[in-house]
Structure formats: C-alpha cells, structure tokens
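Read off the chains here:
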Amino acid sequence: MNKVLLKILDSFYIGILWLIITAIKTSIFILKKKKKNRIAALPYLPKNYPGGNIRIGNWKKHFNNRNQEFDVFWASEKDQFEKWITPGLNIKNYFFHFLVLFKRTKTFLKIRNYEIIWLQRNFIPFYPLKDPLFEKLIKKLGKVLIVDYYDADYLHNKSLVNETALIADKITVSSPFLFEYFKKINPYTFLLPLTIEPNKYYQKDGNQKNKELVIGWMGNPGNALELIKIKEALIALEKRYSKKISFEFLCRGEISLPLKQLKLKKWTEKDFNYYDWLSSVDIGIVPYTSNTERLRAKSPMKTLEFLCSSIPVVISPCESYPELIHNDNCLIARDYEEWINYISMLIENPNERKRIGKSGKFYFNNHHTYTKNINLLQKILSLNSI
C-alpha cells in the first residue's frame, strides 16, 4: 500500500512541477526585469543549518555593510526539515518536497528583480531531479547564474550536478579537490575558502581549567565511522593517561567506543550550549583516515572551529587546507603511532598546546574569516569577472 501511495505522490509531484515549469515558460517574457548588482543567494540547506548559514546566509550582513544588496531566500526552516525528512523514500518526505517546491516557485517570481543568482547546489533541494529545470529558466531570464559546491555533492546525483555546472556562468567551491573536478566542466570555477564567524567562539589559552584534560571530537554519525578507525590509539591513550584525560564527543547518534572516560553529548540535549561545550575542550581531534573521493572533496568545518577557538588540533592529512603545517598550526597524524605520539605530546606539554593553538588561530584569521574573503567573493559575484 505504501509503495502504491509513494508512486501516486511522486507522479502528482512531477505533474505539479511540470505545470509550474510550463506556466513560467509561457510567461517568461513578463518576468524579464533587471536591477543591476542585486544579488539573490539561495542556500540548499534549511535556515539555521551550518551548511546553509556559514556558506551562504552569513554573507548578507557583510555585503549590506558595503551598501550592496544581497538577499537570502531560504527553501525551508530547520524544524520543517527535521520534522518531515527521514532516511529513505517515504510518505512523510513528500510533505517537505511539496512545501519546498511551492516556496521555491514563489522565490523564482521574486528573483526576476535580481541580476546575479548565487545558488547552493540546486534550485530544488533534496528532491532527486535529473534535469536542472529551474536553473535553465534562470538563464532564460538573462540572469548571471553562479552555483556553489562546498562538499562532494556531485556524488549523490552526478547527472544533475554536472549539467547544472555546465550551464552555470560561474562555479564557487571550497576545496582544491572540488576546484579540479569542476574546472574540467566549467572553466569559470573559483576557489572560495570555507568561512566562519568567530565572534561566538571562546578562546583557549593553553592552560588546563578542568580536572582532566578534555580531548574533544564533534561530527555526524557518518564521520563517527572515521573516529572509530583510530579507536585503538584512543584506548592506548586512555590507559597511559587514565587519571589525566577524558574524552567528550558530540554527535547526533550513538558512538560505539570502549572508552571508560568517554562522555557522549548530543546537540538535542536540553539546555545544551555548543559554544560552552567547545570551550571545555583542551585538545581537538579530526580523523579522516579513508582516502575516499567524498572525504578528499570535503572541507572539514570542525577543524576550522577548533582553530578558531585556539584549541590545538590533531588531524589527518587534509588537502582542503594546504596552508595547515604540521607542528606549526596543527599536528598531522598519518598512522596509529602518530595519533598516540602527537596527542601525548599535547597532553604532557601545556606550552605546546598554547603555541599550536595560537598559531592555528593566526592561520584561521588569515584564511577563513568573512572579512578576509569578502573582496574575493565580491569579485567572483561581480559581472566583470565573466
């Protein structure tokens, strides 16, 4: 019964979609209006989700401070996404799909008044379209279409992503790996580093304030699989420093690790404050040991959050941030022994914690703030760089 209903819902969705597309096509000449240098930014992820805010939405105030019109059009809200989207194809998802479709249709009618459209991934988020229908209509309106990718988004729907990248006027990406991938499709591809607003982050000074040194990690259940791959090193560290350290890991799901000194935190805990929690961490760890295309393409935001907070961090080799230098602004661990040795060195040496944390903050300030990158983005989004 559910499969039949899903097919009916899907057919109904496609029918409504084509009615909307046909209506827009027949009236496209009415929609053609231009107002120079106005930017419409369309995040893929819901409002208040980091990937939408940090990559797209947070730029608004920086552009507005320069008297440039930069308006953000969200496809959904965080509570709507969390209420209706669940893993796999199911009936609940279609409440969200229809909500997004109708909201994006209204947005399409509004963006006729903008010259430049900065779009994250695709115009219709989460529904698995195979053809960039709305993106083609944006081009027919005579708009400058710029599409952003900050992760290995193309792996989920390559045909849609590649065709979108092909018709776009420009592409923005957050990592060297993505730059090389999209440059082959569209020569107007630009590397725009991932940025974070530092104001909310407390600063560590390298001194121990807790009874035990806290080794911290945060991420989603998928990234936790990479954490589990270094579990033997973490077990060895716990045995060596049983009374000196504790582990605090933050994740949406459960993590199976045989650590006696482990405290698991969840974002959904009542009265949980992320920035307070992060300020309690003395040493950050960001393991990505798998050499997969997905991991090579991503820009680990958690690494940046540790650096922003002046927390010394031990990471796996990361081609997304080539300016990260081992034993300068971070420690780079390549195997079991190095994970143990580098974390041990930070546990035993408060001066090294302070030095590496301070150097990491200096690196962050010079590469990953909005104020440092706004001139670059403003140039990319301008008409003159085509």
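So, here's what we can say about the structure.

1. Here's the deal with the sheet that holds strand β8 (residues 245-250)
Part 1 of the argument: Within the open sheet, the six strands sit side by side as β9-β8-β7-β10-β11-β12. Their pairing is parallel. What marks the edges here is a single partner per strand, and that holds for β9 (262-265) and β12 (331-332).
Part 2 of the argument: Across three bridges, the pairing between strand β10 (residues 283-286) and strand β11 (residues 313-315) is parallel. Note that in β11 the partner of Gly-284 across the bridge is Val-313.
Part 3 of the argument: In this fold helix α11 (residues 231-240) packs onto β8 and β10, with an angle of close to 145° to the strand it touches most, β8.

2. Describing a nonpolar patch on the surface
Part 1 of the argument: A cluster of nonpolar side chains, namely Val-4, Leu-5 and Ile-8, defines an oily patch on the protein surface of about 250 Å² accessible area.
Part 2 of the argument: Locating Leu-5 in the fold gives a position in helix α1 (residues 2-26).
Part 3 of the argument: Residue Leu-5 is classed as partly exposed on the basis of its relative accessible area, which comes to 32%.

3. Here we look at the sheet that holds strand β5 (residues 170-173)
Part 1 of the argument: One open sheet accounts for six strands, arranged β2-β1-β3-β4-β5-β6; its pairing is parallel. Two strands lie at the open edges of the sheet, namely β2 (70-72) and β6 (189-191), each paired on one side alone. Ignoring which end each strand starts from, the neighbouring axes of this sheet average 20° apart.

4. Thoughts on empty space enclosed by the protein
Part 1 of the argument: Under the criterion given, the structure shown has two cavities of 30 Å³ or more.
Part 2 of the argument: In this structure, the largest cavity spans a volume of roughly 50 Å³.
Part 3 of the argument: Around the largest cavity, the lining residues are Asn-122, Phe-123, Ile-124, Tyr-127, Leu-129, Asp-131, Pro-132, Leu-133, Phe-134, Glu-135 and Leu-160.
Part 4 of the argument: For the lining of the largest cavity, the leading source of residues is helix α7 (residues 133-140), giving three residues.
Part 5 of the argument: In terms of residue class, the lining of the largest cavity is built from eight nonpolar, one polar and two charged.
Part 6 of the argument: Size it by volume and the second largest cavity reaches roughly 40 Å³.
Part 7 of the argument: Together, Trp-217, Met-218, Gly-219, Asn-223, Val-286, Pro-287, Tyr-288 and Lys-302 line the second largest cavity.
Part 8 of the argument: Considered class by class, the residues forming the lining of the second largest cavity number five nonpolar, two polar and one charged.

5. Some points on the packing of α1 against α7
Part 1 of the argument: Running from amino to carboxyl end, α1 crosses α7 at an angle of 5°, the nearest separation of the two axes being 11 Å. As summarised for this structure, α1 and α7 are arranged roughly parallel, according to the angle between their axes. Contact residues: Leu-17, Trp-18, Ile-20, Ile-21, Ile-24 and Lys-25 in α1; Leu-133, Phe-134 and Leu-137 in α7.
Part 2 of the argument: The residue makeup of the contact of α1 with α7, split by class, is eight nonpolar, no polar and one charged.

6. What to know about the pattern of salt bridges
Part 1 of the argument: Evaluation of the coordinates by the stated rule reveals 15 salt bridges.
Part 2 of the argument: Note that Lys-103 and Glu-77 form a salt bridge whose closest N and O atoms lie 4.0 Å from each other. One end of the pair, Lys-103, is in helix α6 (residues 91-110); the other, Glu-77, is in the loop between β2 and α5 (78-84), and 26 residues separate them in sequence.
Part 3 of the argument: The partner of Lys-229 in a salt bridge is Glu-226, and the shortest N-O contact between them spans 3.2 Å.
Part 4 of the argument: Ionic contacts of the salt-bridge type, sharing partners, join the residues Arg-38, Lys-60, Glu-69 and Asp-71 into one network.

Cut-offs applied
- Residues numbered from 1 in each chain as written.
- Predicted model: local features only at pLDDT ≥ 70, side-chain atom pairs only at ≥ 80, totals over all residues.
- Heavy atoms only, no water.
- Pairing = 2+ DSSP bridges.
- Helix = DSSP H or I, 4+ residues; strand = E, 2+ residues; numbered from the N terminus.
- Contact = heavy atoms within 4.5 Å.
- Axes fitted to C-alpha atoms, helices over the stretch in contact; angles between N-to-C directions.
- Patch = residues over 30% accessible without salt bridge, like charges linked within 9 Å, V, L, I, M, F, W, Y side chains within 5 Å.
- Areas by Shrake-Rupley, 256 points an atom, 1.4 Å probe, with all protein chains shown as cover.
- Salt bridge = Lys/Arg side-chain N within 4 Å of Asp/Glu carboxyl O.
- Buried < 20%, exposed > 50% of the residue type's maximum accessible area, 1.4 Å probe, protein only.
- 1 Å grid on protein atoms, 1.4 Å probe; cavity = no way out; pocket = protein on both sides within 12 Å on 5 of 7 lines; lining within 4 Å.
- Points joined across faces, edges and corners; volume = space filled by probe spheres on them.
- Nonpolar A, V, L, I, M, F, W, Y, C, P; charged D, E, K, R; others polar.
- Parallel < 35°, antiparallel > 145°, perpendicular 65-115°, else oblique.

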